[in-house]
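Residues per chain, in single letters:
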Amino acid sequence: MHYKNFPMVPRVIFGRGSFNQIQEILAPKRVNTKAPFIFLVDDVFENNPWLIDRIPLRFLDQIIFISADEEPKTEQVDTLVAELKSRFTENPSGIIGIGGGTLLDMAKAVAIMLTNEGSAADYQGWDLVSTEAVYHVGIPTISGTGAEVSRTTVLTGPEKKLGINSDYTPFDQVVLDPELTRGVPQNQWFYTGMDCYIHCIESLTGTYLNAFSQSYGEKALELCRNVFLEKNVRDEDSEDKLMMASWHGGMSIAYSQVGVAHAMSYGLSYLLGTKHGIGNCIVFNHLEEFYPQGVSEFKKMVRKHDIDIPTGICANLTNKELNKMIDIALMLVPLWENALGKNWQEIITREKLKTMYKKM
Ligand code: NAD
Ligand code: ZN
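These numbers were taken from a predicted model, which means no experiment stands behind them.

The rules we used
Residues numbered from 1 in each chain as written. Chains lettered and ligands numbered in written order. Predicted model: local features only at pLDDT ≥ 70, side-chain atom pairs only at ≥ 80, totals over all residues. Heavy atoms only, no water. Buried < 20%, exposed > 50% of the residue type's maximum accessible area, 1.4 Å probe, protein only. Helix = DSSP H or I, 4+ residues; strand = E, 2+ residues; numbered from the N terminus. Pairing = 2+ DSSP bridges. Disulfide = S-S within 2.5 Å. Donors = N, O, S within 2.8 Å, 3.2 Å for Na, K, Ca; no water. Tetrahedral: all angles 85-135°; square planar, octahedral: opposite > 155°, others 65-115°. Domains from an automatic or database assignment. Contact = heavy atoms within 4.5 Å. Buried area = accessible area lost by both parts, 1.4 Å probe. Salt bridge = Lys/Arg side-chain N within 4 Å of Asp/Glu carboxyl O. Polar contact = N/O pair within 3.5 Å; in protein donor to acceptor, adjacent residues only side chain to side chain. Nonpolar A, V, L, I, M, F, W, Y, C, P; charged D, E, K, R; others polar. Near = heavy atom within 4 Å. Areas by Shrake-Rupley, 256 points an atom, 1.4 Å probe, with all protein chains shown as cover. Axes fitted to C-alpha atoms, helices over the stretch in contact; angles between N-to-C directions. Expected span 1.5 Å × (residues − 1). Arc of directions from axis to C-beta.

(A) Representation of the pairing of strand β2 (residues 37–42) in the model. Here β2 lies mainly inside the structure; 6 of its 6 residues are buried. The pairing of β2 with strand β3 (residues 62–66) spans 5 bridges and is classified as parallel. Considered in β3, the bridge of Val41 is made with Phe65.

(B) Here's a closer look at the state of the cysteines. Summed over the entire model, instances satisfying the criterion amount to 0 disulfides. Cysteine Cys196 is unpaired, with the sulfur of Cys224 as its nearest cysteine sulfur at 3.7 Å. The thiol sulfur of Cys281 is not disulfide-bonded, and the nearest other cysteine sulfur, from Cys224, lies at 11 Å. By relative accessible area, which is 0% here, Cys281 ends up buried.

(C) Spotlight on the coordination of the zinc ion (ligand 2). Looking at the zinc ion (ligand 2), one finds its protein donor set to be Asp195 (OD), His199 (NE2), His262 (NE2) and His276 (NE2), positioned 2.1 to 2.2 Å from the metal centre. In this structure, the zinc ion (ligand 2) is surrounded by 4 donor atoms whose angles at the metal cover 88 to 170°, and the resulting shape is irregular. Read from N- to C-terminus, the donor residues coordinating the zinc ion (ligand 2) fall into the pattern D-x3-H-x62-H-x13-H. Here Asp195 and its partner His199 are both found in helix α5 (residues 186–204), 4 residues apart, which amounts to about one turn of the helix. A relative accessible area of 1% means that Asp195 is categorised as buried.

(D) Spatial organisation of the domain arrangement of the protein. Assigned domains within the protein: domain 1 (11–181) and domain 2 (186–359). Here the C-alpha centroids of domain 1 and domain 2 sit 25 Å apart. With 29 residues of domain 1 in contact, the opposing surface of domain 2 contributes 27 residues. The contact between domain 1 and domain 2 buries some 2400 Å² in all, and 62% of this surface belongs to carbon and sulfur atoms. Remark: the boundary between domain 1 and domain 2 carries 3 salt bridges. We note a salt bridge from Glu236 to Arg16, for which the minimum N-O separation is 3.6 Å. At the junction of domain 1 with domain 2, the criterion picks out 13 residue pairs in polar contact (both at pLDDT 80 or more). For the side of domain 1 that touches domain 2, the secondary-structure elements that each account for two or more residues are β1 (11–14), β7 (154–156), β8 (161–165) and β9 (173–176). For the side of domain 1 that touches domain 2, the per-class residue count stands at 12 nonpolar, 8 polar and 9 charged.

(E) A look at the site of ligand 1. In the region of ligand 1, 28 residues are neighbours, and Gly101, Thr102, Ser150, Thr192 and Lys275 sit closest. Asp42 places a side-chain nitrogen or oxygen 2.8 Å from an oxygen atom of ligand 1. In this structure, Thr192 approaches ligand 1 through a side-chain N or O atom, which is 2.7 Å from an oxygen atom. Here ligand 1, which alone exposes 870 Å², has 91% of that area covered by the protein. Secondary-structure elements contributing two or more residues to the shell around ligand 1 are α4 (101–113) and α5.

(F) Examining the sheet that holds strand β6 (residues 136–140) more closely. Reading across the sheet, the 6 strands line up as β1-β9-β6-β4-β2-β3 and stay open at both edges, with parallel pairing between neighbours. Each having just a single partner strand, β1 and β3 make up the two edges of the open sheet. With strand direction ignored, the average angle separating the axes of adjacent strands in the sheet is 15°. Sheet topology places β1 next to β9; 4 bridges connect them, and they run parallel. By the bridge assignment, Val12 is partnered in β9 with Val174.

(G) Looking closely at helix α10 (residues 292–305). Here α10 is 14 residues long and its end C-alpha atoms lie 20 Å apart, about the 20 Å a rise of 1.5 Å per residue gives. Within α10, burial applies to Gly294, Val295, Glu297, Phe298, Met301, Val302 and His305. Relative to the axis of α10, the buried residues are bounded by an arc of 165° and lie together on one face. Those residues of α10 that are exposed and aimed more than 90 degrees away from the buried face are Pro292, Gln293 and Arg303. Looking one or two places after α10, you find Asp306, whose phi comes out positive at around 55°.

Encoded structure:
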């Protein structure tokens, strides 16, 4: 047996208003006055002085607003890196991502590509990065993906949707300030929150499960149940809890894997651009066969919060389109193996996937 030696986020600050300490966190990391801090910020905050006015800009530091309407693409990372290289004489002192999974992944990928040659697409896969990234900081403003703790940055490239999984991917610093999640719209709060819930179910029912993953997964599941089933209001307590659920859910899958919902949702995302949170919900809604208890509880949460889960999005796809989605889903071998064991191919055939997608 060979055990993976995982890196973890070495520094984390937690607390309502902890974002105010960003200046004292960054100051010692400034390389020199020509090496700026670059803040990649979700453009949903562009006209939000409550957040923007607290970003401490000195010397050549810059805020770059990025839309989270689409998930990050390798090409977008390459363009941003080329722009930063041409605009400044030195590599940045740090990249700070402020937003949801989309912005956190952008920040990780840009930090890696500033010190590694070629295109981000060359590094999609496992352990292909050879040089340490630029110092990078993650500041989530919505909870659920676990991107703040994970060892991956998920990118859509010309051929595949796959993460840059490497020891250099995790953030050097994370700022967990639950107050920043205050303005998240209700449906999005649910979709991204369910990403965490689904991480727990896929990890806890998977064949890769071990005590490490289980301990984090159970805690995250307990927090999700409290936030989405037991509580009747979305308050400060639930913001705090969901932020920690996301963290624990991410830790849980670090040492195990996700499963069927994620594999199939990657297919939807690649072909239709369906975003991760909602895509997982669309798929999970139809996975009673694999996760009977998890899906039944999920449906209770959907009803409780009166959430709209789209259906019929694959009904009119051509065979060619369905086949592309199936190709993408089948590439994710470890996910299938975790969900269904070594002989997963006996259960999951192309025909089976086609029938399942057509219901979604
Ligand atoms: P997101 O970052 O795409 O944001 C979803 C929406 O919420 C956007 O419209 C955004 O503008 C808005 N939003 C975010 N914070 C807000 C706030 N405080 N107030 C108002 N609106 C706010 O959503 P997500 O679900 O966090 O991330 C999805 C992405 O994360 C996908 O690209 C997925 O591939 C990636 N992901 C990465 C990992 C990883 O480990 N790296 C894990 C899971 C998912
Ligand atoms: Zn996920």
